[in-house]
Amino acid sequence: MKRSFDLVVAVIGLVVASPIIAGCVIAIRLTSPGPAIFRQTRVGRYERSFVCLKLRTMHRDTRNLPSHEMGASAITPLGKHLRRLKLDELPQLLNILRGEMSFVGPRPCLLSQTRLIEARRGYGLERLRPGITGVAQVAGVDMSDPVRLAALDATYLQDMSLKTDINLILATAFGAGRGDRVRSDNTR
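Okay, so let's go over this structure. For clarity, every value in this text was computed on a predicted model and none was experimentally measured.

### As for the layout of surface pockets
The volume enclosed by the second largest pocket comes to roughly 160 Å³. If you trace the second largest pocket, you find it lined by Pro 66, His 68, Glu 69, Ser 112, Gln 113, Thr 114, Arg 115, Leu 116, Met 143, Ser 144 and Pro 146. Residue contributions to the lining of the second largest pocket peak at 3 residues, all from helix α4 (residues 114–123). Along the lines of polarity and charge, the residues of the lining of the second largest pocket split into 4 nonpolar, 5 polar and 2 charged.

Written out as structure tokens, the structure reads:
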């Protein structure tokens, strides 16, 4: 049921969001050098790696680190708005269609985030497809606190249902949670 829901909503979402994605791609290219689509290897289901797609919100020369380890200056002016509106996540609809992600699940982390991977493994979370949103994200807990993040993600295992997924998606769409924080310093 979860996979069918993901597929149907992702197809509808791509049809509706395609003009928005196209507009964002043009705006990114006009305001910042580099590709508009950001590709990054992340940890997926069963700890297999996959390429996660996002609209690029950081400068092209930004190091490959988790967002919470970046300085605020790494984010482009347009990127700040894309992140606030969560538009940077729209290309992940393709990850959902390819079966690499779900709408709801633990946020996909980088291969280098070993503490988070181990904490999630302790709860059996590697069985889940990573999600665009999830319990921890809606609660405002980011990847800078891997133990707390994994514990919150694990609560989803007890409440996993279509109703829970819809509630988490709606909470995210209406502004709950936030993306990973960035440091307020001026380093990249």
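### Considering the environment of Ala 171
Topologically, Ala 171 is positioned in helix α7 (residues 162–173). Owing to a relative accessible area of 25%, Ala 171 belongs among the partly exposed residues under this scheme. Between the C-alpha atoms of Ala 171 and Val 135, which are 36 residues apart in sequence, the distance is 10.0 Å. The contacts of Ala 171, once residues within four sequence positions are left out, are Val 138 and Ala 176.

### Quick word on the nonpolar core
Counting 24 residues, the largest nonpolar core has Ile 21, Leu 93, Ile 96, Met 101, Phe 103 and Tyr 156 as the members making the most contacts within it. Of all the secondary structure elements, the ones that give two or more residues to this core are α1 (2–31), β2 (49–55), α3 (92–97), β3 (102–104) and α6 (146–159). For this core, the element with the most residues is α1, which contributes 6 residues. If we ignore the near neighbours within four places in the chain, the residues touching Ile 96 are Arg 3, Asp 6, Leu 7, Ala 10, Met 101, Ser 102, Phe 103 and Ile 132. Leu 116, Ile 117, Val 141 and Leu 149 belong to the second-largest nonpolar core, a separate cluster that totals 10 residues.

Calculation criteria
Residues numbered from 1 in each chain as written. Predicted model: local features only at pLDDT ≥ 70, side-chain atom pairs only at ≥ 80, totals over all residues. Heavy atoms only, no water. 1 Å grid on protein atoms, 1.4 Å probe; cavity = no way out; pocket = protein on both sides within 12 Å on 5 of 7 lines; lining within 4 Å. Points joined across faces, edges and corners; volume = space filled by probe spheres on them. Helix = DSSP H or I, 4+ residues; strand = E, 2+ residues; numbered from the N terminus. Nonpolar A, V, L, I, M, F, W, Y, C, P; charged D, E, K, R; others polar. Buried < 20%, exposed > 50% of the residue type's maximum accessible area, 1.4 Å probe, protein only. Contact = heavy atoms within 4.5 Å. Core = buried A, V, L, I, M, F, W, Y, C linked by side-chain atoms within 4.5 Å.

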